Amino acid sequence: MSETQSRTLADLKDLAVATAIPAAQPKAEPKRDTLGRSYATGRRKNAVARVWIKPGKGEIMINGKRVGQYFARPVLRMLITQPFLVADRYNQFDVYCTVVGGGLSGQAGAVRHGISRALTYYEPELRGILKIAGFLTRDSRVVERKKYGRAKARRSFQFSKR
């Protein structure tokens, strides 16, 4: 009986070693349409950006306008180009996107989120770099609603004794 138990334990040991080694993950396939573009949706506050990227010279078009014309502030333009800089793909992709809702800051954040997701669809091996940088996480912070009996979301009306 001890022989059968030892054989069984040996078999279990081999089984444990085999399961301890993770199975090779299948490589993620790039998601591209017939024109060679990758599409993704980015969101931030109330803004939603639909983003298409394809290999090119680095031109960025937002709602039919160049990025410098649509986002006049340099900080917003820098925000949009961050995923390309982190992934070391600056001026290698053309971006076409449409943005609706929110203000300019929220729209810039939505475009950045969309570009990051589209890059991971075009080149799946970039996912780790962009995830560490935090560009694939949707920033869920939104404006708090106004409450009744209050001047704003939390501010009370000015107190007066009289």
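Scroll up to find the structure this text is about.
Residues numbered from 1 in each chain as written. Predicted model: local features only at pLDDT ≥ 70, side-chain atom pairs only at ≥ 80, totals over all residues. Heavy atoms only, no water.

Novice: Quick question: what am I supposed to make of the sheet that holds strand β4 (residues 65–66) here?
Specialist: Strands pair in a sheet through their backbones, by hydrogen bonds, and they do so in one of two ways: parallel or antiparallel. Pairing in this open sheet of five strands is mixed, and the strands run β1-β2-β5-β3-β4 from one edge to the other. A strand with exactly one partner marks an edge of an open sheet, and here the two such strands are β1 (38–44) and β4. With eight bridges connecting them, strand β2 (residues 47–55) and strand β5 (residues 93–100) associate as antiparallel partners. Residue Val51 lies in a different strand from β5, and its bridge partner there is Cys97. Against the sheet, helix α4 (residues 104–122) touches β1, β2 and β5, its axis set at about 145 degrees to β1. (Pairing = 2+ DSSP bridges. Helix = DSSP H or I, 4+ residues; strand = E, 2+ residues; numbered from the N terminus. Contact = heavy atoms within 4.5 Å. Axes fitted to C-alpha atoms, helices over the stretch in contact; angles between N-to-C directions.)

Novice: Would you mind going over the side chain of Gln107 with me for this structure?
Specialist: By the secondary structure assignment, Gln107 is in helix α4. For Gln107, a relative accessible area of 7% corresponds to the buried category. Ignoring sequence-local partners within four residues, the contact set of Gln107 consists of Ala47, Tyr70, Phe71, Val99, Val100, Gly101 and Gly102. (Buried < 20%, exposed > 50% of the residue type's maximum accessible area, 1.4 Å probe, protein only.)

Novice: I'm lost on the pattern of salt bridges in this one. Help?
Specialist: Should their charged atoms come close, side chains of opposite charge can pair. Under the defined criterion, the tally for this structure stands at six salt bridges. For Arg37, the salt bridge is made with Asp33, and the minimal N-O distance between the two is 3.0 Å. A residue is classified by how much of its surface remains accessible, and Arg37, at 28% relative accessible area, is partly exposed. For Asp139, the salt bridge goes to Arg141, with nearest N and O atoms at 2.7 Å. A single salt-bridge network, built from bridges that share partners, covers Arg44, Asp139 and Arg141. (Salt bridge = Lys/Arg side-chain N within 4 Å of Asp/Glu carboxyl O.)

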